[in-house]
Amino acid sequence: MQTNANVGEAGVSRRFLSNTVLNFAGQGFLLLLNIVTAPYIVHHLGAELFGIVALVQTTAGFAGLLNLGIGRALTKYVSELYWKGEVKTINQIFQTAWATCIVSGMVALLLVVGPSETISKIFFRDGPQVNGVAGFAIYVAALGLFSSMLLEAVSALPGALQRFAICNAINVMMGVLRCLGSVGLLAWGYSIRSVLMANLISNLVGVGAFAIVSRNLIPGLSLVPGFNWSAFKRLFRFSLPLILSSLSTLIVTRLDRFILAYFLPLAAVSFYTLPYSLSEKLSMGVTNITSVVFPFTSELHAMNAHEKVQELYLRSTKILNLVMLPLTVILLAVPGTILQFWLGPEYASQGAVALALLGAAAFLNAASAVPTVTSLGVGRAWMPACFAGAGAVINLVSNFLLIPRYGIAGAALGALLPQAIVVPFFVYFVTRSLKFSLWRLVADGFMRPLACAVVQFAILYGLRGYINSRMSLMLVCFVSFAVFGVLAVFVAIENGERSALFGGLSGWDFGRCVASAENATE
């Protein structure tokens with residue numbers, strides 16, 4: 001178990017950076033795997049059938065709402081209770097959460113399967129090829145939603161204990177099954193039904209793997225569902241504002257595809273989903289960092305280590321921006337070129353504007369991620385919930401107004417508007433609530449990384465005329481990354497951190513580098 005002294009000795013930087021690096025290793029592999037396999041899957045299925053896959057995958061995203069926000073509440077309480085050694089209480093809370101997710105999952109499954117004919121008529125109406133598989137797709141979507149709700153609960157335990165190596169190993173296994181399984185099945189002559197099943201099987205394997213790991217990590221953990229009213233009230237008290245946050249997030253990140261399917265042909269869902277998935281995957285830094293920050297903040301808050309919470313808030317904001325900005329700049333500078341050499345000219349002409357807008361929206365959303373999990377970690381869950389609700393209203397109104405007129409570009413603009421309007425106010429209020437200097441956050445956490453990004457954008461924009469192949473695209477992007485990296489070392493990173501970084505690199509000792517950075521900056 002950790003103690004306050006242990007945390008001081010290990011340091012915020014050491015644990016935060018090492019766990020974040022583990023996340024990036026796993027997610028970087030999954031990002032590459034998705035980028036490589038997506039063109040094969042898309043071109044073998046076609047735009048209409050891939051639109052079905054996109055809608056089925058989108059349905060699974062509703063798990064966070066329908067299980068009443070139990071997953072994140074479980075992460076918070078387990079991270080706090082494990083530090084205190086209250087394993088019996090952890091087991092009681094988990095059994096209650098597990099039972100809640102199973103029951104709500106069954107209800108969600110029935111809600112999808114029950115009106116399957118109505119759902120098919122509204123969203124799957126693009127000819128006999130689509131109609132022939134619509135019913136099967138809806139049933140797979142229902143089972144995928146149920147398994148995702150179970151997955152969110154059982155995967156919360158290793159995350160709460162900050163065992164990110166284990167989490168990433170399982171996530172990589174699921175990604176390999178989903179992506180390479182789909183490619184292999186299509187290569188062997190199977191159809192869209194097999195691709196949908198590959199997605200479902202990867203979820204089920206993930207549930208089993210996380211269940212086995214969780215039992216090994218927590219002595220005496222029982223996977224038998226149970227219900228304790230006191231434990232449920234404790235979970236629900238924290239998860240209630242998360243329900244509003246989850247609903248708002250789903251409106252902003254999921255509902256647009258169903259609105260597109262309602263107003264436009266199913267192919268438009270593919271033309272939009274692929275740029276969206278690219279911007280979403282390139283923002284993997286958000287999840288990689290916040291999944292570390294949330295349980296760590298909860299633990300520090302339980303120790304009353306307020307200054308450490310502030311330190312974690314600033315450092316994680318800076319690192320997130322240094323990770324997100326170079327990727328965002330590429331999407332803003334050469335969106336059409338990326339889509340042309342990734343998926344083909346048709347997808348480039350249809351989705352270039354959408355990709356640029358979605359890239360900007362992804363960065364602004366990333367800017368709210370650290371304030372969100374920090375608020376949750378210190379027990380102020382209603383603050384992000386209220387701002388998320390405001391963003392969802394703006395997004396919903398924008399989609400219904402913009403999609404019928406501007407198509408997928410309207411959907412992308414609808415994703416950008418709520419972020420541009422709400423996020424600056426949200427960051428301001430969270431920073432003030434932590435009694436932290438807003439100027440220091442803006443100057444160190446945002447302005448220095450942005451200065452590096454401006455130079456990178458100028459390089460990409462100036463060299464875009466020389467891009468005529470995938471290789472030249474990769475070369476230009478690599479050059480821009482290198483320039484951003486050099487500038488980040490000398491502009492964004494402080495003197496003490498820079499000296500520690502070079503000292504660590506010369507000795508090939510990452511642990512010593514991080515520890516030296518901490519000593520230099522504390």
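Everything quoted here is computed from the prediction, not taken from an experiment.

Draft legend 1. Representation of the overall build of the protein. Counting secondary structure elements, the protein contains 25 helices and 0 strands. Looking at the protein as a whole, 57% of its 522 residues qualify as buried. Contacts in the protein between residues at least 24 apart in sequence constitute 84% of all its contacts with a sequence separation of at least 6. Just so you have it, the protein exposes about 21,400 Å², and 67% of that area is on carbon and sulfur atoms.

Draft legend 2. The nonpolar core, seen in detail. Ranked by size, the top nonpolar core spans 151 residues in total, and within it Ile 52, Leu 74 and Tyr 272 carry the most contacts. Those residues in contact with Leu 74 that sit more than four places away from it in its chain are Ile 93, Phe 94, Ala 97, Ala 153, Ala 156, Leu 157 and Leu 235.

Draft legend 3. Representation of the environment of Val 370 in the model. Considering the arrangement of structural elements, one finds Val 370 in helix 19 (residues 369-377). Among the residues examined, Val 370 registers a relative accessible area of 2% and is labelled buried. Residues Val 370 and Val 427 lie 57 residues apart in sequence; the distance between their C-alpha atoms is 9.0 Å. With residues near it in sequence (within four places) discarded, Val 370 still touches Thr 290, Tyr 313, Ser 316, Thr 317 and Leu 320.

Draft legend 4. Just a nonpolar patch on the surface, in detail. Together, Met 173, Leu 177, Met 197, Ile 201 and Val 205 line one region of the surface with nonpolar side chains, adding up to about 350 Å² of accessible area. Ranked by residues supplied to the nonpolar patch, first place goes to helix 11 (residues 192-217) with 3 residues. In this fold, Leu 177 is placed in helix 10 (residues 164-187). On the basis of relative accessibility, which here comes to 34%, the residue Leu 177 falls in the partly exposed class.

Draft legend 5. View of the pattern of salt bridges. For the coordinates displayed, the defined rule picks out 5 salt bridges. Notably, a salt bridge pairs Glu 311 with Arg 315, separated by 3.4 Å at the nearest N-O pair. Taken as a pair, Glu 311 and Arg 315 lie in helix 16 (residues 306-333) at a separation of 4 residues, close to a single helical turn. You can call Glu 311 buried: its relative accessible area is 15%. Here the residues in one salt-bridge network are Lys 308, Glu 311 and Arg 315, joined through shared partners.

Draft legend 6. Quick look at the confidence of the model for the protein. Counting all residues, the mean pLDDT for the protein is 81, and 83% of those residues have values of 70 or more. At the low end of the mean pLDDT range in the protein sits helix 25 (residues 510-521), at 37; at the high end sits helix 21 (residues 408-433), at 93. Contacts from residues 1-13, a stretch scored under 50 in pLDDT, to residues over four places away or in other chains number 34 contacts. Below pLDDT 50 for its whole length, residues 503-522 participates in 30 contacts with residues either more than four positions away or in separate chains.

Draft legend 7. Representation of the packing of aromatic side chains in the model. According to the stated counting rule, one finds 13 aromatic pairs in the structure shown. Judged by centre distance (5.8 Å) and plane angle (40 degrees), the ring pair of Phe 387 and Phe 429 falls under tilted. Taken together, the residues Phe 387 in helix 20 (residues 382-406) and Phe 429 in helix 21 connect sequence positions 42 residues apart. Among the aromatic residues, those joined into a ring-pair cluster are Phe 387, Phe 426, Tyr 428 and Phe 429. The ring of Phe 136 carries Arg 193 above its face, with NZ or CZ at 4.9 Å from the centroid. Above the plane of the ring of Tyr 461 lies Arg 464, whose end atom (NZ or CZ) is 3.7 Å from the centre.

Draft legend 8. Examining unusual backbone geometry more closely. Despite not being glycine, Asn 304 shows a phi value in the positive range, around 60 degrees. The residue Asn 304 is located in the loop between helix 15 (284-302) and helix 16 in this model. One non-glycine residue with positive phi stands out, namely Lys 435, at about 60 degrees. Note that Lys 435 resides in the loop between helix 21 and helix 22 (438-463).

Draft legend 9. Inspection of helix 23 (residues 470-492) at higher detail. Over its 23 residues, helix 23 runs 30 Å from end to end, which matches the ideal 33 Å to within 8%, given 1.5 Å per residue. Restricting attention to buried positions, one finds in helix 23 the residues Ser 472, Leu 473, Val 476, Cys 477, Ser 480, Phe 484, Ala 488, Val 489 and Ala 492.

Draft legend 10. Seen up close, the packing of helix 19 against helix 21. At a minimum axis distance of 10 Å, the contact between helix 19 and helix 21 shows a crossing angle of 40 degrees. Taken together, helix 19 and helix 21 sit at an angle that is classed as oblique. The way helix 19 lies across helix 21 gives a crossing that is left-handed. Contact residues: Pro 371, Thr 372 and Ser 375 in helix 19; Phe 426, Val 427 and Val 430 in helix 21. Each residue belonging to the contact of helix 19 with helix 21 can be placed in one class, and the counts come to 4 nonpolar, 2 polar and no charged.

The rules we used
- Residues numbered from 1 in each chain as written.
- Predicted model: local features only at pLDDT ≥ 70, side-chain atom pairs only at ≥ 80, totals over all residues.
- Heavy atoms only, no water.
- Helix = DSSP H or I, 4+ residues; strand = E, 2+ residues; numbered from the N terminus.
- Buried < 20%, exposed > 50% of the residue type's maximum accessible area, 1.4 Å probe, protein only.
- Contact = heavy atoms within 4.5 Å.
- Areas by Shrake-Rupley, 256 points an atom, 1.4 Å probe, with all protein chains shown as cover.
- Core = buried A, V, L, I, M, F, W, Y, C linked by side-chain atoms within 4.5 Å.
- Patch = residues over 30% accessible without salt bridge, like charges linked within 9 Å, V, L, I, M, F, W, Y side chains within 5 Å.
- Salt bridge = Lys/Arg side-chain N within 4 Å of Asp/Glu carboxyl O.
- pLDDT = per-residue confidence, 0-100.
- Phe/Tyr/Trp six-rings, centres within 6.5 Å; stacked < 30°, edge-to-face > 60°.
- Lys NZ or Arg CZ within 6 Å of the ring centre and 35° of its normal.
- Expected span 1.5 Å × (residues − 1).
- Axes fitted to C-alpha atoms, helices over the stretch in contact; angles between N-to-C directions.
- Parallel < 35°, antiparallel > 145°, perpendicular 65-115°, else oblique.
- Left-handed = near helix turned anticlockwise from the far one by under 90°.
- Nonpolar A, V, L, I, M, F, W, Y, C, P; charged D, E, K, R; others polar.

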